[in-house]
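Architecture and fold: a report
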Amino acid sequence: MRTGRSATPEGLSPGPGDGSEAAWPQLADLLRTFSEASAPAGQEEEMIRLLSQEFSKLGLEPHVDVMGNVAVRVREAKPGSPRVLVFAHMDEVGFVVRKIEPDGFLRLHRLGGIPEKSLAGQRVVFLGRHGLVPGVIGTKSHHVTPADEKYRVVPLEDLYVDVGAATIREAQEMGLHVGTLGVYAPSFQRRGWLVQGKAMDNRVGCAVLVELARILVGGQDGAGSAGVYLVGSVQEEFNLRGVLPIVRELRPDIAISVDIAVACDTPDLRQVTDVSLNRGPTINLYSFHGRGTLNGVLPNRKLAYALMDAAEAAAVPSQFGSFFGGLTEAAYVQLEGGGIPSIEVGVPCRYTHSPVEVCSLQDINHTARMLAAFVRQLSSGIDLSRG
């Protein structure tokens, strides 16, 4: 971990003081709004609207492409300066209705990496044709559960959802049908700097985009001479490629993915990595998904060290990250065109893909400040050549 010691550059918001709950209420409210949005992969309309509104409040002009990606240009590049893309996915993991039983119960497919061990008894919400439909994933009553079942995880194909319908027709009248998408029910809470709720992956990344835009738009020199584009992307939790059309349109020289980083500061994961909450964003030097998808990111080291220097210049902490078993859109973005120097930046998050994830407002703020400092230091150029 590197902790910056230099003075905060002009235009960057100050860091946390004494940890008071009264600090940064605007950021907490923004994250609550984003977290409570129901926006599974492929049906991100609510987040498209919310993120577009936040960009518009800052005087930026959001553009929504055919896929649903939300893009804004903070400024165009001056001659000789690079074009930088910072992106974060708007969608969340969820469910797909695969069958409606005669008595109105729903059967499910998973949409993204849903952990079965966390599902029984959870509240969910479906994006029905006529509006949101709440439900609960059924679990066998404890009093009649046989001893050999009490410690067994029920597979997704055996689970069902109770939406209060007694027949297929009643479920259909609610606006439900095969292919309807659902998500975990909202559950946002805050205690000090820590926030908990569904879809922190990756609504924290979306909050970073808004905070970064706020810093750059409010600074006296804007974003410096580099061209800066911010994108809220779609379908990351489905196939990680929804962002590609907007990347091809923008043709950036540098691409930075902002997503979550698995925090391992809990009793069950301390032996895995040292990534912890409240120690700043991770600058990932390695990621690889080894379960069926042979892809990942080995970033340009010069780019990684430039981000580390930017964190130090912004007087915020940062952590190096190394992650086996995960993947972000950067794995595909880096291969576009003639190749794009790309890197993953992570906001530490506990209990990823579960119904309740935990992050820190400090880490969100520090991530935005590091990225703002990085963009500004590009005014003096950056050498990312190889060999």
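Residues numbered from 1 in each chain as written. Predicted model: local features only at pLDDT ≥ 70, side-chain atom pairs only at ≥ 80, totals over all residues. Heavy atoms only, no water.

Looking now at the confidence of the model for the protein. Looking at the protein, the pLDDT average stands at 92 and 93% of residues meet or exceed 70. Within the model, the stretch residues 1-23 combines pLDDT values under 50 with 59 contacts to residues more than four positions away or in other chains. (pLDDT = per-residue confidence, 0-100. Contact = heavy atoms within 4.5 Å.)

Across the sheet, 3 strands lie side by side as S11-S12-S19; this open sheet has antiparallel pairing. Looking at strand neighbours, the two that pair on one side only are strand S11 (189-191) and strand S19 (357-360), the edges of this open sheet. The average angle at which neighbouring strand axes cross in this sheet is 20°, direction not considered. The sheet contact formed by strand S12 (residues 194-197) and S19 spans 4 bridges and is antiparallel. Counted as the bridge partner of Leu-194 is Ser-360 from S19. In the packing of helix H8 (residues 361-377) onto the sheet, the strands contacted are S11, S12 and S19, and the crossing angle to S19 comes to about 55°. (Pairing = 2+ DSSP bridges. Helix = DSSP H or I, 4+ residues; strand = E, 2+ residues; numbered from the N terminus. Axes fitted to C-alpha atoms, helices over the stretch in contact; angles between N-to-C directions.)

Evaluation of the coordinates by the stated rule reveals 14 salt bridges. The residue Glu-76 makes a salt bridge to Arg-83 at a minimum N-O spacing of 2.9 Å. Judged by its relative accessible area of 35%, Glu-76 falls in the partly exposed class. Using a relative accessible area of 21% as the deciding quantity, one classes Arg-83 as partly exposed. In this structure, Glu-116 and Arg-110 form a salt bridge, with 3.5 Å as the shortest nitrogen-oxygen distance. Its relative accessible area of 38% is what places Arg-110 among the partly exposed residues. (Salt bridge = Lys/Arg side-chain N within 4 Å of Asp/Glu carboxyl O. Buried < 20%, exposed > 50% of the residue type's maximum accessible area, 1.4 Å probe, protein only.)

Before going further, it helps to examine helix H2 (residues 45-57). Helix length check: H2, at 13 residues, gives a terminal C-alpha distance of 18 Å against a target of 18 Å (1.5 Å per residue), a fit within 8%. Where H2 is concerned, the buried positions are Met-47, Ile-48, Leu-50, Leu-51, Ser-52, Glu-54 and Phe-55. Tucked inside the fold, the buried residues of H2 contact helix H1 (25-36), strand S2 (63-64), strand S3 (70-75), helix H4 (200-218) and strand S13 (227-233). The first or second residue beyond H2 is Gly-59, which carries a positive phi of 85°. (Expected span 1.5 Å × (residues − 1).)

Here the focus is the packing of aromatic side chains. Counted by the stated rule, this structure contains 4 aromatic pairs. Consider the rings of Phe-105 and Tyr-160, whose centres lie 5.3 Å apart with planes at 80°: the pair is edge-to-face. Of this pair, Phe-105 sits in the loop between strand S5 (94-100) and strand S6 (106-111) while Tyr-160 is found in the loop between strand S8 (131-137) and strand S9 (161-162), placing the two residues 55 residues apart along the sequence. Residue class for Phe-105 comes out partly exposed when judged on its relative accessible area of 25%. Judged by relative accessible area, which is 32%, Tyr-160 ranks as partly exposed. Each ring, one from Phe-288 and one from Phe-324, has its centre 5.8 Å from the other, and the planes form 40°; the classification is tilted. Of the two residues, Phe-288 is situated in strand S15 (residues 282-289) and Phe-324 in strand S17 (residues 317-324); the sequence distance between them amounts to 36 residues. Using a relative accessible area of 54% as the deciding quantity, one classes Phe-324 as exposed. Lying over the aromatic face of Tyr-332, Arg-241 brings its terminal NZ or CZ to 4.0 Å of the ring centre. (Phe/Tyr/Trp six-rings, centres within 6.5 Å; stacked < 30°, edge-to-face > 60°. Lys NZ or Arg CZ within 6 Å of the ring centre and 35° of its normal.)

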